[in-house]
Amino acid sequence: SLPGSQLDYCEDSHPEAIQMLSELTSRHQVEVLGGGYYEPALPLLFPVDRSGQIEKMNSAIRSTIGKRPRGSLLLGSLWEPSLITTFYSCGIEYVCIDSALIPSHYRKFKPIITSEQGKTLKILPISNQFKPESGQNGGNWLKSLPLGLNLQANTSENSFVLITLSIEELASLLSSDFFKELQVELETQDFSNIVLTLPQTYLKNVDSYITAYIPAGMDSNLSRWGKNCYRYSQSKNDPSLTIYDYLNVYMQNRCLYDRMVYISMFIAQCHGGDKMRKKAAQEKLWESQSLFNYINLPSGLPAIAKKRQKAYSLLNEAEKLIRESKEVKESLTTFDYNSDGFNEYVCQLKKLHAVISPIGAQICDLNIISVFANYAANLSKIKEFDGDDDKYYRGFFVEHLFENSESSSFFKGQALKTETFANTRFVETKFDSRRNEIHLAGKGLFSRQKLPVSLNKNYIVSSDGFVVQYILKNESPFAVKGVFSVEVNFAQTDFDSKKQESQYHSELILKGNRQVFLAEKSFHAENGVSVLQVTDSVRKIAFLFEPNEESGFFSQPLTFKRPVTQLAPEGLVDVDEVSKTLSIQFCWNIDLAVGHSTEKTINLSIIPVKKRHKK
């Protein structure tokens, strides 16, 4: 089993490998399995994308190897019953999945047949508990198979053991004498009842199937990391855990999934226009659907930020192609974008695609179409890896209200003890899609005394950016004195540049004077900031912030570390830096009497930066 990209590479660069594989297949020594062309997480896809990727892989194998595949290795054993109909329509007769997904009373080393809406699919369970270890003797491995239970010599029932080997594992066995020892043992009388065969050949001669319903599930390695965020489960595999449960644990991966689903619907609903561009957009979408953009296989750890940004880039390319194929009108709509039961606000504008969440009323997704990047795809701190915990999502326009006594620790980059508005679920007070206005209201508690305060947050959306208006009101019977802060976080989107400095270049107008500050270091100004420009020096785009009145300012670089590889079966991991964020804060001192309010406004313009030509 190999991905479509590897098949293309061999065809272009090593045609001799394709010729050899074709000859081995024609002699029935090798069987090439199908699947999704870009190794997708099939349960996450719409049926049209599922069948499209499988048919593309089928066509690639048939044109290169010369034989259409009849079976498939399900990557990550990501299974759900609705896949039966898709595989059936694409001519796939059987799939191989982890035996842990099979209910225990059906695990009898026999093929299984399952059905959905009158369509059937054969299942070959993978028994990787019998996988040979590095350096193991071939004869000893053969004796470890469950001969006494299911592979008896005097029986008409042909049981089987199916294992999978990675390229590295296969290379290790080939470099040893494992296969020579195995061949010698198979030629003896003791093991005359055992043969090495191909899945399709075995299924042609099978005498019976176990009829079973297989519920949705996934590979045991994935499920061990899918219960708790970055915590390895020592318990046995939970077969009921699905890829959706996994994404609900790792929210950044879930955000990528939501964006992928939106683009898939966007392409499907685009009728007419340039068919070639639409087809190219679909290819970009399919490439972004690779499971490796969500999960790092085989360890089961979530994919790192670099992989997710690559997927966001592909999705933005797909959206740009659709917009070029047919005129797409700008729109501001509200619907349940992330399937959490509450409506988000989706801004489809000429230059960008943004999503405003009711949680914190912040921009949680900000894709600049022309530069193929999502600037709001930030991580949040986890104490185990980053030394502190963030209790909120770090997007654009996140508000904090805190006491003056917390100012010192706040401007050192330490987390606040209490969050007033960052996790508040704001409610809609007005929505005008024609004028591109969103009015939201939230309530919170200020200080240790838990004084009630309210915040009205109004967005005016335009092709060039956003105007955000704040009305902070003291709802308590006591005066409120503290600091009101608006936070904006810029995710790292460039992972290929070899330069050591940050991709962001920042400058501001401080007390009437232009001042440049390094994004790699913290910067604090008590007051006097009237304009801030943050420039992405890699993608040549600038974010211009203009508060309606001079503010204080705080900027800090954030570095996030996460587990990247699993070092041992017990869940020990190698932790490394995976992403950076430039976090900025606009701050105002506030002193509100009972029933009084204050108003602040920030205008954000997103503008391209002209390239300077050297003379």
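Scroll up a little and you will see the structure.
In this report, we go over the structure that sits alongside the text. (Residues numbered from 1 in each chain as written. Predicted model: local features only at pLDDT ≥ 70, side-chain atom pairs only at ≥ 80, totals over all residues. Heavy atoms only, no water.)

1. Some words on the side chain of Ser223
Step number 1: One can find Ser223 in helix α10 (residues 220-225).
Step number 2: Polar side-chain contacts of Ser223 include one of 2.9 Å to the backbone oxygen of Ser220. (Helix = DSSP H or I, 4+ residues; strand = E, 2+ residues; numbered from the N terminus. Polar contact = N/O pair within 3.5 Å; in protein donor to acceptor, adjacent residues only side chain to side chain.)

2. Let's talk about the sheet that holds strand β2 (residues 94-98)
Each strand in a sheet pairs with another by means of backbone hydrogen bonds, the pair being arranged parallel or else antiparallel.
Step number 1: Strand order in the open sheet formed by five strands is β1-β2-β4-β3-β5, with mixed pairing between adjacent strands. Unpaired on one side and paired on the other, β1 (71-73) and β5 (210-211) mark the two borders of the sheet. (Pairing = 2+ DSSP bridges.)

3. A few points about the packing of helix α1 (residues 4-13) against helix α3 (residues 47-64)
Step number 1: Interhelical geometry of α1 versus α3 gives an angle of 25° and a closest axis separation of 10 Å. Between α1 and α3, the angle is such that the two are roughly parallel. The interaxial crossing formed by α1 with α3 has left-handed handedness. Here α1 contributes Gly4, Leu7 and Glu11 to the contact with α3, which in turn contributes Met57, Ala60, Ile61 and Thr64.
Step number 2: Of the residues contributing to the contact of α1 with α3, the split by class is four nonpolar, two polar and one charged. (Axes fitted to C-alpha atoms, helices over the stretch in contact; angles between N-to-C directions. Parallel < 35°, antiparallel > 145°, perpendicular 65-115°, else oblique. Left-handed = near helix turned anticlockwise from the far one by under 90°. Contact = heavy atoms within 4.5 Å. Nonpolar A, V, L, I, M, F, W, Y, C, P; charged D, E, K, R; others polar.)

4. Observations concerning the pattern of salt bridges
Step number 1: Enumeration according to the criterion identifies 22 salt bridges in this entry.
Step number 2: With a shortest N-O distance of 2.9 Å, Asp274 and Arg277 are connected by a salt bridge.
Step number 3: Given the relative accessible area of 27%, Asp274 is considered partly exposed.
Step number 4: Taking relative accessible area as the criterion, Arg277 reaches 34% and is therefore assigned partly exposed.
Step number 5: Look at the salt bridges and you will find they share partners, linking Arg259, Glu319 and Arg323 into a network. (Salt bridge = Lys/Arg side-chain N within 4 Å of Asp/Glu carboxyl O. Buried < 20%, exposed > 50% of the residue type's maximum accessible area, 1.4 Å probe, protein only.)

5. Some thoughts on empty space enclosed by the protein
Step number 1: Evaluated as defined, the whole model comprises four cavities of 30 Å³ or more.
Step number 2: In this structure, the largest cavity encloses a volume near 130 Å³.
Step number 3: As for the largest cavity, its lining consists of 16 residues, of which Tyr392, Arg394, Phe410, Gln414 and Ala415 are closest to the centre.
Step number 4: Taken as a whole, the second largest cavity spans an internal volume of roughly 70 Å³.
Step number 5: In terms of lining residues, the second largest cavity is bounded by Thr25, Glu31, Val32, Ile61, Ile65, Lys67, Arg68, Pro69, Arg70 and Gln200. (1 Å grid on protein atoms, 1.4 Å probe; cavity = no way out; pocket = protein on both sides within 12 Å on 5 of 7 lines; lining within 4 Å. Points joined across faces, edges and corners; volume = space filled by probe spheres on them.)

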